[in-house]
Amino acid sequence: MSVIQVKDLKKSFQSVEIIKGINFTLQEGRCIALLGPNGAGKTTTLRMLSGLMKPSSGSVNFSGLEKETDIRQFIGYLPQHPIFYEWMTGREFLEYVGKLAGMSKADVKKRTDELLELVGIADAKNRRIGKYSGGMKQRLGIAQAIIHRPKLVMLDEPVSALDPIGRREVLELLEKLKEETTVLFSTHILNDAEEVCDDILFLHKGKLVESGTMEELREKYQQAKIDLVFRDDMEGILKSFSEKGLLQSYLIEGGKASVMVENIEEARRAIVEEVMKENLPLVKFEINRTSLEDVFMKVVQS
Amino acid sequence: MRQWFILFNKEMLEMARNFKWVWVPIAFILIGVMDPITTYYMPQILDSVGGLPEGTVIEMPTPPAPDILMMSIGQYNMFGVLIIVLITMGLIAGERKSGVAGIILVKPVSFSSYITAKWAGGLLLVWVSYFVGLLASWYYVGILFKWIPFGDFIQAFFTYGIWLSFVLTVTIFFNAFFRSPGVVGFASIATVIVLSLVSGSLSHLLEWSPAQIAGYTGEFLSTHSFPEAMLPTTLLAVGGIVFLLIGAILVFRKKELAA
Amino acid sequence: MEILESINWGILLPILVIQLILLVVAIIDLIRIEKTNGPKWLWVLLILFVNIIGPVLYFVIGRRNQ
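Note that the coordinates shown come from a computational prediction; the quantities given were computed from them, not determined experimentally.

(A) How the structure looks around the UniProt feature "domain: Cardiolipin synthase N-terminal" (unreviewed entry) in chain C. Cross-referencing UniProt, the feature "domain: Cardiolipin synthase N-terminal" (unreviewed entry) maps to residues 21-63 of chain C in the present numbering. Spanning residues 21-63 of chain C, this segment combines 74% helix with 0% strand, and its end C-alpha atoms are found 18 Å apart.

Dropping the structure here:
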């Protein structure tokens, strides 16, 4: 079942189009990464979904809700740099936000204790937020985003400001969140997305360049690749391979030729045969697969 | 309504934690008693400053008691207004500028509750502070000069309080417009000054302007009766407060909370 | 020093006391607060030596409100 449908969403600031018409649907219970390099429009997209910003055009629809319903009770949102009332304690802040979301007093108390435990700041619950470290604020931010048990939780770069340990812990926290609700989080690090997510939305320069489940994308982009090293005349040999139609494309880099092929089995046989027939000075022959990372880099650099 | 009280209670707690509940009333008391005391001790002060030949007898007519209470109101018209603008200018703009509004307002918080709770919180602080301040002034006028009937004091208190409430509401209104507390403060002060200057110089044309309230309060204190324009002025000021509040809510709804 | 004798301290004392409260509260807050706008030592001087206006200025602009 889908949670939210986004149709032809656009956003301009002073006639510069930041988001150039994106479409996607988020399925319930999934963890979705909004992936893209800095400046791709991730924050703007999340802000529009959360209602903090109004789209220039297009629509954001929650499934099963009337158009006029206040969607805010169904979403949780954590901004990239969360700011709190520093004069409140962590517990006070969670209780305040929970009550604002319409939870009963007893429920708020119970849920606050539960979340403080879950995100691992129970020890600091009675300390003023002003004295919290960056990582603690990030956890508090996640807790406040999910306190009212939203159907969709949106987190803007929840791990990018953290040190490796904090990052690991927050990623594990996201794993736990997945069991409770639908999670959409933005990141510019593919690794983070691969680690916890089921689906990927790949945003680049305000456009959705790719989307799908992790498996789909891996399959799609796991193009067969063969690395070859010849003792000499690499250029000449590969050129002739190319002319004979043995390969799609190649790239010589650092004394190594990376060869893209359609079918890895056929290519292997053809190349080996050719090497035997022509007695070519083959030094290394290695079958590889391109990763999402390569695709990500390619899109980002283009 | 439950949500409104949650927001309002948060304002109260915040004003306690940042000591506004301590320093604003004290500031209003000190501003209030300044004139009664300096007026009373004026001969001694002049004497100690010196420069006058030995034996000079300083003859100064003692001003009537209502005039001295009115001097305190005159001080509130400057410093009181300034303090009100300064403590109100960041109430909403500050939260938006820092970004905390982005966390609070993605929760299902009604914009009108958010604004009116802040308005009511500020108003309570201002009325309490202004009350203890003017009460202190009235007390000092009483013991140093002559007692003004308490009923007169109460009437003057409520009348002039309308103007202070108006100033506060103007500041709340600009809070909905601008993200920077400094800009809010500047716009509010500028509005109050322009309104006062224009109302002062064109007083025959603008006799219903809320900026006349201070003058009318003084008139009441010395003559025991309000001018005829007092009623429409009051209505206009109260109407203006309601109008500005509604305007603030409408503007705020249209604003993008994050930019 | 005639002037000091001629002053009725019963009148001025309450005022001095609340001025002192204002000053003390400002100093306590200044000690507890993590950061101020502008250097802390400057605020100490202002609060201690600029009567009334010092503490009020501190609360209005010196304190980083959050």
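Still more ground to cover, so stick around.
(B) Expanded view of unusual backbone geometry. All names here are of chain A. For glutamine 14, which is not glycine, the phi torsion reads 45 degrees and is therefore positive. Structurally, glutamine 14 is set in the loop between β1 (2-13) and β2 (16-27). We note that serine 15 has phi near 65 degrees; this positive angle belongs to a residue other than glycine. Within the secondary structure layout, serine 15 lies in the loop between β1 and β2. A residue is classified by how many C-beta atoms lie within 10 Å of it, and serine 15, with 5 of them, is exposed.

(C) Representation of the domain arrangement of chain A within the structure. Residue and element names in this part refer to chain A. By domain assignment, chain A separates into domain 1 (2-218) and domain 2 (222-301). Each of domain 1 and domain 2 has a C-alpha centre, and the two are 42 Å apart. In this complex, domain 1 contributes seven residues to the contact, which on the side of domain 2 involves six residues. Mapped onto the side of domain 1 that touches domain 2, the elements with two or more residues apiece are α6 (190-196) and α7 (214-221). Taken together, the residues of the side of domain 1 that touches domain 2 sort by class into four nonpolar, one polar and two charged.

(D) Representation of the interface of chain B and chain A within the structure. Each side of the interface is counted separately: chain B has 19 residues, and chain A has 25 residues. For the side of chain B that touches chain A, the elements supplying multiple residues, two or more each, are α1 (2-17) and α6 (100-104) of chain B. A total of five residues in the side of chain B that touches chain A trace back to one element, the largest contributor, which is α1(B). Grouping the amino acids of the side of chain B that touches chain A by side-chain chemistry returns nine nonpolar, five polar and five charged.

(E) Quick look at the sheet that holds strand β7 (residues 182-187) of chain A. All names here are of chain A. Pairing is mixed in the open sheet, where six strands are placed in the order β5-β6-β7-β3-β8-β9. Here the strands that pair on one side only, and so sit at the sheet edges, are β5 (75-78) and β9 (207-213). For this sheet, the mean inter-axis angle between neighbouring strands, taken without regard to orientation, is 15 degrees. Of the pairings in the sheet, the one linking strand β8 (residues 199-204) to β9 comprises six bridges and is antiparallel in character. Of the residues in β9, the one forming a bridge with histidine 204 is lysine 207. Lying over the sheet, helix α1 (residues 42-50) contacts β3 (31-35), β5, β6 (152-156), β7 and β8, oriented at roughly 150 degrees with respect to β6. Relative to the sheet, helix α5 (residues 164-180) contacts β3, β6 and β7, its axis offset from that of β7 by approximately 150 degrees.

(F) Summary view of the packing of helix α8 (residues 150-177) of chain B against helix α10 (residues 213-223) of chain B. Residue and element names in this part refer to chain B. For the pair α8 and α10, the least separation of the axes is 9 Å and the interaxial angle reads 170 degrees. One finds that α8 runs roughly antiparallel with respect to α10. Of the residues in α10, those touching α8 at Asp152, Gln155, Ala156, Thr159, Tyr160, Ile162 and Trp163 are Ile213, Ala214, Tyr216, Thr217, Phe220 and Leu221. Considered class by class, the residues forming the contact of α8 with α10 number nine nonpolar, three polar and one charged.

Rules of the game
- Residues numbered from 1 in each chain as written.
- Chains lettered and ligands numbered in written order.
- Predicted model: local features only at pLDDT ≥ 70, side-chain atom pairs only at ≥ 80, totals over all residues.
- UniProt positions renumbered as here; feature names shortened; annotations may be inferred.
- Helix = DSSP H or I, 4+ residues; strand = E, 2+ residues; numbered from the N terminus.
- Buried ≥ 20, exposed ≤ 12 C-beta atoms within 10 Å, placed from the backbone.
- Domains from an automatic or database assignment.
- Contact = placed C-beta atoms within 7 Å.
- Nonpolar A, V, L, I, M, F, W, Y, C, P; charged D, E, K, R; others polar.
- Pairing = 2+ DSSP bridges.
- Axes fitted to C-alpha atoms, helices over the stretch in contact; angles between N-to-C directions.
- Parallel < 35°, antiparallel > 145°, perpendicular 65-115°, else oblique.

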